[in-house]
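Descriptive structure summary
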Amino acid sequence: MTTLALPTIDEEIWRYSRINELDISSYASGTVQTVVSGADGVLATNPFDRVGVAMTSDPDVFATMNRTSPDVIALVVPRGAVHAQTVIVERTVASSGIVAFPRLVIDAGENSEITVIERFTSPDDVSSLVVPVAEIRAAQSARVTYLAINELGANTWQIGHQLAVGERGSTVKVFTVALGGDYARVRAEVKLVGQGASAQQTALYFADSTQMHDFRTLQTHEAPRTHSDLLFKGAVKDTAKSVYTGLIKITENATKSEAFQTNRNLTLSHGAWAESVPNLEIETNDVKCSHASTVGPIDDDQRFYLESRGIPTDVAERLVVFGFFDEVLERIPASSFTAELRAKVAAKLGRTV
């Protein structure tokens, strides 16, 4: 498939991953089926011209392979325009044995606004690899909301990359919901390059059976008075695994910046495993930064409180998990897909709503 060298678990950023299991030469080049709705007036006719507006260099070999892909959707919002309708980009992996490289580019002009939802699905009997890239540029005072939903089948791999760049006074909100896939990895980055830019990164992930969800995040502050807030919450059950490693990087020019990073994980079975590694790299003074992470089972006191009021144990545990995820669910932009998320989390728990 490629002559480029693939990473190994010896590299720190791929530590704990399943990258050594990947034989990319076993896949043939293919494409995903893509349907776009709600994009009237912002869908670019020459999408390749927008590739690289945010991702000016490739962070790894997978982004390099994606860069030459013909499967590009670009959304361009003119200066001062508010795109009132949510853009829906539905990606379906319909064939086994393929590797696909879809790319979504969101280029929001000065003082513009747009909300985009990108959803990935595949049947459970499809065994393929999808390597998506989402690059977002928010110009001065632009407001961009992006939600990625992973509902891939049980035999599909995903190795994805998100990069959002915020210019002066812009606001970027990047959400991820990961429920599907066999091994699903997302490298999620925000880069605040203009004074007063802000970013919010939020994720909900739930792995069961033998699934693995893998998140690597980077919050980079390159300008003064920038603000970032990250909240990732996940659960694992059966023999599933999750990995979170995150870095807040404050450069020497980013004085008076604020950055927060929180990762919480629930282990719902004795055979489930979660790893959480938050990090800080601060090169200047007069900043506010914090990071926090937890990995553990359902709180016994919370469960006992519910049980003491006559609620059965299995229902009590389900309520605790929903309460755990509520903080994330309340932030996610409303849509027909997100309205179903509670039912899908309930299905993961082995019961229906």
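Further up the page is the structure itself.
What counts as what
- Residues numbered from 1 in each chain as written.
- Predicted model: local features only at pLDDT ≥ 70, side-chain atom pairs only at ≥ 80, totals over all residues.
- Heavy atoms only, no water.
- Helix = DSSP H or I, 4+ residues; strand = E, 2+ residues; numbered from the N terminus.
- Contact = heavy atoms within 4.5 Å.
- Expected span 1.5 Å × (residues − 1).
- Bend = angle between axes of the 7 residues up to and from the residue.
- Buried < 20%, exposed > 50% of the residue type's maximum accessible area, 1.4 Å probe, protein only.
- 1 Å grid on protein atoms, 1.4 Å probe; cavity = no way out; pocket = protein on both sides within 12 Å on 5 of 7 lines; lining within 4 Å.
- Points joined across faces, edges and corners; volume = space filled by probe spheres on them.
- Nonpolar A, V, L, I, M, F, W, Y, C, P; charged D, E, K, R; others polar.

Okay, the environment of Gly-80 next. Topologically, Gly-80 is positioned in the loop between strand S3 (72-77) and strand S4 (87-92). A sequence separation of 29 residues divides Gly-80 from Gly-109, and the C-alpha atoms of the two residues are 7.1 Å apart. With near-sequence residues (within four places) excluded, Gly-80 lies in contact with Glu-110, Asn-111 and Ser-112.

Turning to helix H3 (residues 313-329), a few remarks are in order. With 17 residues, H3 extends 24 Å from end C-alpha to end C-alpha; this agrees with the ideal 24 Å at 1.5 Å per step. The sharpest bend along H3 measures roughly 25° and falls at Gly-323. Listing the buried residues of H3 in full gives Ala-316, Arg-318, Val-320, Val-321, Phe-322, Phe-324, Phe-325, Val-328 and Leu-329.

So, about the layout of surface pockets. By volume, the largest pocket is sized at about 270 Å³. In this structure, the largest pocket is lined by 14 residues; those nearest its centre are Ile-13, Thr-217, Thr-245, Gly-246 and Leu-247. At the level of elements, strand S13 (183-192), strand S15 (212-221), strand S17 (241-250) and strand S19 (273-282) are the ones that each hand at least two residues to the lining of the largest pocket. Classifying every residue of the lining of the largest pocket gives 5 nonpolar, 4 polar and 5 charged. Counted as a void, the second largest pocket has a volume near 220 Å³. Lining the second largest pocket are 12 residues, and of these Leu-268, Ile-298, Glu-317, Arg-318 and Leu-349 lie nearest its centre. No other element matches H3, which puts 4 residues into the lining of the second largest pocket. A per-class count over the lining of the second largest pocket returns 5 nonpolar, 1 polar and 6 charged.

Don't take any of this as a statement about function, it's just geometry.
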